[in-house]
Amino acid sequence: MECTGDTEIIAYTASGGLMTGTLYGTPSYTRLPNSKTFQKVYTVRFNEPLAKGDCGSWVIDAESRGLYGHIIAGCEPTGTAYIMSAHNVFEDAKERL
């Protein structure tokens, strides 16, 4: 799913199991370690803290259960994370296969 505005989400994480939060529709751009280009990411604010091992957790729409993306980085105490869009990940995989 493409993120078109602020929306309620859920994620199943290694540390906390089912977590809820808000996905913000305004994108940010980040350059990952060892990367030469910037990637579009979205900010998620979970209602609980994150923990080591939560990266990779899928973030899905709380109502439709559509997949938005997966966590690529986060701040453990605040529960704030960045997600990479599933659409971008699948498009990249399609180009490389």
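Note that the structure is a prediction, hence the values are computed from the model and not measured. (Residues numbered from 1 in each chain as written. Predicted model: local features only at pLDDT ≥ 70, side-chain atom pairs only at ≥ 80, totals over all residues. Heavy atoms only, no water.)

On to the pairing of strand β7 (residues 80-85), then. As paired elements, strand β4 (residues 39-46) and β7 share five bridges and run antiparallel to each other. Bridge pairing in β7 links Val41 to Met84. Two elements, strand β6 (residues 67-75) and β7, share six bridges in a ladder whose sense is antiparallel. Counted as the bridge partner of Ile71 is Ile83 from β7. Turn length for the β6-β7 hairpin, with the two strands adjacent in sequence and antiparallel, is four residues, and the turn residue Gly79 shows positive phi of about 75 degrees. (Pairing = 2+ DSSP bridges. Helix = DSSP H or I, 4+ residues; strand = E, 2+ residues; numbered from the N terminus.)

Right, let's get into the pattern of salt bridges. According to the stated counting rule, one finds two salt bridges in the structure shown. Glu91 is the partner of Lys94 in a salt bridge, and the nearest nitrogen-oxygen pair spans 3.4 Å. Here the residue Lys94 and the residue Glu91 both occupy positions in helix α1 (residues 86-96), the gap between them amounting to three residues, near one helical turn. (Salt bridge = Lys/Arg side-chain N within 4 Å of Asp/Glu carboxyl O.)

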